[in-house]
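Fold and geometry: a report
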Amino acid sequence: MTILGIESSCDDTSAAILKEGKILSNCIANQTIHELYGGVVPEVASRAHQINILPVVETALNQAGINKKDLDAIAFTRGPGLMGSLLVGVSFAKALALGLNIPLIEVNHMQAHVLAHFIDDPKPQLPFLCLTVSGGHTQIVLVKDYLEMQVIGQTLDDAAGEAFDKIGKLLNLGYPAGPIVDRLAKLGTPRFAFPEPQIAELDFSFSGLKTAVLYFLKDQIKQDEDFMKNNLNDVCASVQARIVSILMNKLKKAAEQTGIREVAIAGGVSANSALRQALHDTGEQLGWNTYIPAFQYCTDNAAMIAMAAYFKYQQGLFATQDVTPTARYTF
Ligand code: KG4
Ligand code: ZN
């Protein structure tokens, strides 16, 4: 069984080939143009997807050594995401499936981030907990089965990746700022104590942290106009340490409440070195088995879409030609 997966929910155009449950290729075209604007511009993203999608799909087929006539299904991200970006992937997938007369499989992007854990070994045992942290979402997911998941905690305002990016903007870093904060934090010490929000249950909040950093910087710069220049690495280390502690404290609470010791992280922010280290250390301390996807399967990619489609194919869960993208897609 050979599946072509297509991902176009935000600013990366990606295509992947999966054969008999194994990923043969995973091709990604990044859109660097958004760096100019300090964030993703939806209309620009949508037009870039239109330019990129055909060469990206052709490259994925070529790298895998697969002819499109050998495909058994076409999978695509239906949502959540930017409507204009999703439309490109959905329309392309529908047209190709119609032309080849093969089934279509629609995939929830957030479920796919979780299912990225089944691409490589070691794979989590069901049921497991997955902290899915990206630019648009922050969720603790109770994964009961491959396609049976429940969100048991989520952010009430900004997502963790958004917090990295927005605070990075205050620090005049480029976009996306998450990886830059990660790099600079390695050179600094977390000596500034930003507040930890007190949010009930397993939910998160990150907008207060952004405001706290804004006022902290204003205050410090008033006293010393070179504060940013001389303390950037320490500010990055402090911000990162707080974001990681907020995430890990809720994850620990979720593990305690559910009694589950199989614990995973997924999504773009799971590429963060401090979060990866914290999960590993907490796992050792509390006797969890911990899982982190390979770096290339943390940020947006089509391999995870093809992987999710593999489970849907086995259950005969196909979409019809009247399927439409959905910007908000819960599960
Ligand atoms: O999952 P993803 O690629 O796209 C969405 O679905 O949003 O996540 C992108 C987010 C961005 O906010 C980016 O800054 C963040 O992941 N990110 C990181 C790191 N790498 C990517 N945040 C912190 N540290 C990193 N190393
Ligand atoms: Zn994502």
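As the structure is a computational prediction, the values presented were derived from the model and not from experiment. (Residues numbered from 1 in each chain as written. Chains lettered and ligands numbered in written order. Predicted model: local features only at pLDDT ≥ 70, side-chain atom pairs only at ≥ 80, totals over all residues. Heavy atoms only, no water.)

Describing a nonpolar patch on the surface
Taken together, the side chains of I33, L36 and Y37 make up a nonpolar region of the molecular surface, amounting to roughly 340 Å² of accessible area. In this structure Y37 comes out as partly exposed when scored by relative accessible area, which is 49%. (Patch = residues over 30% accessible without salt bridge, like charges linked within 9 Å, V, L, I, M, F, W, Y side chains within 5 Å. Areas by Shrake-Rupley, 256 points an atom, 1.4 Å probe, with all protein chains shown as cover. Salt bridge = Lys/Arg side-chain N within 4 Å of Asp/Glu carboxyl O. Buried < 20%, exposed > 50% of the residue type's maximum accessible area, 1.4 Å probe, protein only.)

Quick word on the domain arrangement of the protein
Under the domain assignment, the protein is made up of domain 1 (2–114 + 297–314) and domain 2 (124–292). Once you take the C-alpha centre of each, domain 1 and domain 2 turn out to be 27 Å apart. With 15 residues of domain 1 in contact, the opposing surface of domain 2 contributes 19 residues. Roughly 1400 Å² of surface becomes buried between domain 1 and domain 2 when both sides are summed, with 74% attributable to carbon and sulfur atoms. Broken down residue by residue, the surface that domain 1 buries against domain 2 is led by M110, V114 and C298, which jointly contribute 41%. One can count zero salt bridges joining domain 1 with domain 2. Inspection of the region where domain 1 meets domain 2 yields one residue pair in polar contact (both at pLDDT 80 or more). Broken down by element, the side of domain 1 that touches domain 2 gets its largest block of residues, four residues, from helix α3 (residues 109–115). (Domains from an automatic or database assignment. Contact = heavy atoms within 4.5 Å. Buried area = accessible area lost by both parts, 1.4 Å probe. Polar contact = N/O pair within 3.5 Å; in protein donor to acceptor, adjacent residues only side chain to side chain. Helix = DSSP H or I, 4+ residues; strand = E, 2+ residues; numbered from the N terminus.)

Thoughts on the sheet that holds strand β9 (residues 262–266)
Read from one edge of the open sheet, five strands run β8-β7-β6-β9-β10, paired in mixed fashion. Looking along the sheet, the strands with just one partner apiece sit at the ends: β8 (148–154) and β10 (289–291). Going across the sheet, the axis of each strand differs from the next one's by a mean of 25°, ignoring polarity. Note: strand β6 (residues 128–133) against strand β7 (residues 138–145), six bridges, orientation antiparallel. Note that in β7 the partner of T132 across the bridge is Q139. (Pairing = 2+ DSSP bridges. Axes fitted to C-alpha atoms, helices over the stretch in contact; angles between N-to-C directions.)

Comments concerning the environment of E58
For E58, the position within the fold is in helix α1 (residues 42–64). According to the relative accessible area criterion, E58 is partly exposed, its value standing at 45%. Here the alpha-carbon distance between E58 and A15, two residues 43 residues apart in the chain, equals 8.7 Å.

Details of the site of ligand 1
Around ligand 1 sit 18 residues, and of these G135, D165, D182, N272 and D300 come closest. In this structure, G161 approaches ligand 1 through a main-chain N or O atom, which is 3.2 Å from an oxygen atom. Measuring from a nitrogen atom of ligand 1, one finds a side-chain N or O atom of D182 at 2.9 Å. Taking 550 Å² as the accessible area of ligand 1 by itself, protein coverage stands at 89%. Sorting the residues of the shell around ligand 1 by element identifies α3, α4 (160–170) and α5 (178–185) as the ones contributing at least two each. Taken together, the residues of the shell around ligand 1 sort by class into five nonpolar, ten polar and three charged. The two domains that each donate at least three residues to the shell around ligand 1 are domain 1 (2–114 + 297–314) and domain 2 (124–292). (Near = heavy atom within 4 Å. Nonpolar A, V, L, I, M, F, W, Y, C, P; charged D, E, K, R; others polar.)

Brief notes about the nonpolar core
In terms of nonpolar packing, the biggest core is built from 47 residues, with I243, L247 and L251 touching the most fellow members. Only β6, β7, α4, α5, α6 (207–223), α7 (227–258), β9 and α8 (273–286) provide two or more residues apiece to this core. For this core, the element with the most residues is α7, which contributes 14 residues. In contact with L247, other than residues within four places in its own chain, are L131, V133, T138, A160, F204, F206 and L275. Listed in part, the 33 residues of the second largest apolar core include Y291, I305, A309 and Y310. (Core = buried A, V, L, I, M, F, W, Y, C linked by side-chain atoms within 4.5 Å.)

Here we look at the pattern of salt bridges
Taken as a whole and assessed by the stated rule, the structure comprises eleven salt bridges. Of the charged contacts in the structure, one is a salt bridge between R191 and D234, with a shortest N-O distance of 2.6 Å. Here R191 is found in the loop between α5 and α6, whereas its partner D234 is found in helix α7, with 43 residues between them in sequence. Taking relative accessible area as the criterion, R191 reaches 48% and is therefore assigned partly exposed. Taking relative accessible area as the criterion, D234 reaches 14% and is therefore assigned buried.

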